[in-house]
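If you want the building blocks of each chain, they are given just below.
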Amino acid sequence: MNLIKEMASRDRVFDFMAPARSPVDVRHGPILYLEDVSVSFDGFRAINDLNLTIDDGELRCIIGPNGAGKTTMMDIITGKTRPDHGSVWFGSRHDLLTMNEPQIASLGIGRKFQKPTTFEALTVFENLELAMAADKRIWPTLTARLSGEARDRIDEVLATIGLAAHRDRPAGILSHGQKQWLEIGMLLMQRPRLLLVDEPVAGMTEQEMERTAELLTGLAGQQSVVVVEHDMGFVRSIARTVTVLHQGSVLAEGSMDQVSSDPKVVEVYLGTESDNMEDA
Ligand SMILES: Nc1ncnc2c1ncn2[C@@H]1O[C@H](COP(=O)(O)OP(=O)(O)OP(=O)(O)O)[C@@H](O)[C@H]1O
């Protein structure tokens, strides 16, 4: 019963609850394409003619002061928020604005929220098992014997997230960082094409941050990864291209060196996170 309650309260949409996915066509362009996207809340434009392109296999960091629109942008990509106008495409074939949240998740867009939402009473292994993409309902997934292929996939993900030694421990006793990695592993079980990761290192130790940097940079290439993060030192350690959002639009884009020396960027961070920008 607790498990059902936990599942019902989760923000995430499980792949196995959604229709089967069709291939994402990236032969002629990016994996994610947003054009002239705007959304207003009570007359306030949280996203303002936003244009953003993410290439297949890219690792992109999104930064910006509080209220810049980072979360709202993620909400639009995942179908949680509908924009007032604009286009949002996943590859050249899928118009995300015609789809609901489960349909978008089933295309292979996985979202990791800031707070870990693993199933605490289940072991690490069971959490991964539960998250596996399968044409099964949840109870058969939990009770049926796993195929060799499924076990191999879980072992592979356990190695990727560095939790092989913890496979039989309940998720509830893991450290904060380990829970975050487990949740990334749960998304990986669904073989996503695009991972959206919200503030992955908030509350982590230095060592956990280093491990997270290795994990995310290692994932890029196999899938596209978009990371929203406030910690500029961490962003510098992983970023190839950084997009700076401000007032719902892209203020600057480029390498960390380019954006952190851009006078427009320095100005919007002044009085907010300018110290962090200088530290980075
Ligand atoms: N559902 C909503 N109703 C009203 N206003 C909203 C809603 N969602 C977001 N906003 C407003 O839109 C703006 C952008 O918010 P958003 O959370 O996307 O910014 P953010 O860049 O993620 O900020 P932070 O770094 O603090 O998480 C903010 O001014 C916020 O108050």
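Residues numbered from 1 in each chain as written. Predicted model: local features only at pLDDT ≥ 70, side-chain atom pairs only at ≥ 80, totals over all residues.

(A) Quick look at the overall build of the chain. Across its full length, the chain holds twelve helices and ten strands. The buried share of the chain, reckoned over its 280 residues, is 43%. The long-range share in the chain, meaning contacts at least 24 apart out of those at least 6 apart in sequence, stands at 70%. (Helix = DSSP H or I, 4+ residues; strand = E, 2+ residues; numbered from the N terminus. Buried ≥ 20, exposed ≤ 12 C-beta atoms within 10 Å, placed from the backbone. Contact = placed C-beta atoms within 7 Å.)

(B) Main features of the site of the ligand. Around the ligand, the surrounding shell consists of F41, A46, G64, N66, G67, A68, G69, K70, T71 and T72. Counting residues per element, the shell around the ligand draws most heavily on helix α2 (residues 70-77), at three residues. A per-class count over the shell around the ligand returns three nonpolar, six polar and one charged. (Near = placed C-beta within 6 Å. Nonpolar A, V, L, I, M, F, W, Y, C, P; charged D, E, K, R; others polar.)

(C) The arrangement of the nonpolar core in detail. With 73 residues, the main nonpolar core has I77, L128 and V235 as its most contacted residues. Counting residues per element, this core draws most heavily on helix α7 (residues 176-188), which supplies six residues. What I77 contacts, discounting residues up to four positions off in sequence, is L32, V88, L96, I109 and L196. (Core = buried A, V, L, I, M, F, W, Y, C linked by C-beta atoms within 7 Å.)

(D) Structural view of the environment of S38. Note on placement: S38 falls in strand β1 (residues 32-41). What makes S38 partly exposed here is the crowd of 17 C-beta atoms within 10 Å.

(E) Fine view of the confidence of the model for the chain. In this model, the chain carries an average pLDDT of 86, and 83% of its residues clear a pLDDT of 70 or more. In this model residues 15-20 is a low-confidence stretch, pLDDT under 50, and it forms 16 contacts with partners more than four residues away in sequence or in other chains. Taken together, the stretch residues 134-139 has pLDDT below 50 and engages in four contacts with residues farther than four places along the chain or on a different chain. Reported for the predicted complex are a pTM of 0.87 and an ipTM of 0.95. (pLDDT = per-residue confidence, 0-100.)

(F) Representation of the sheet that holds strand β5 (residues 94-95) within the structure. Reading across from one edge, β2-β1-β4-β5 is the order of the four strands in this open sheet, with antiparallel pairing throughout. This sheet does not close on itself; its edge strands, each paired only once, are β2 (44-54) and β5. Where β1 lies against strand β4 (residues 85-90), five bridges are found, and the strand directions are antiparallel. In the sheet register, L32 faces β4, and the bridge partner there is F90. Docked against the sheet, α2 engages β1, β2 and β4, running at close to 65° with respect to β2. (Pairing = 2+ DSSP bridges. Axes fitted to C-alpha atoms, helices over the stretch in contact; angles between N-to-C directions.)

(G) Here's a closer look at helix α4 (residues 124-131). Within α4, seven of the eight residues are buried, leaving the element largely enclosed by the surrounding structure. Residues V124, F125, N127, L128, E129, L130 and A131 constitute the buried set of α4.

(H) Main features of the packing of α4 against helix α6 (residues 148-160). Two elements in contact, α4 and α6, have axes separated by 10 Å at closest approach and are oriented at 120°. The angle between α4 and α6 falls in the class oblique. Crossing of α4 against α6: the hand is right-handed. Contact residues: α4 offers F125, L128 and E129, while α6 offers I154, V157 and L158. Here the contact of α4 with α6 is built from residues that sort into five nonpolar, no polar and one charged. (Parallel < 35°, antiparallel > 145°, perpendicular 65-115°, else oblique. Left-handed = near helix turned anticlockwise from the far one by under 90°.)

(I) Here's a closer look at the environment of E126. Structurally, E126 can be placed in helix α4. For E126, a count of 18 C-beta atoms within 10 Å translates into the label partly exposed. Residues E126 and A46, spaced 80 residues apart in sequence, show a C-alpha to C-alpha distance of 39 Å.

(J) Structural detail: the pairing of strand β8 (residues 224-228). For β8, the buried fraction is high: five of the five residues fall into the buried class. The two faces of β8 match: S224, V226 and V228 on one face and V225 and V227 on the other face are all buried. Relative to β8, strand β3 (residues 59-63) runs parallel, the two being bridged by four bridges. Across the sheet, residue C61 finds its bridge partner in β8, namely V227. Sheet topology note: the strand β7 (residues 194-198)/β8 ladder contains five bridges and is parallel.

(K) Up close: the pairing of strand β10 (residues 249-254). In this sheet, β10 lies alongside strand β9 (residues 241-246) in antiparallel orientation, the contact comprising five bridges. If you follow H246 over to β10, its bridge partner there is S249.

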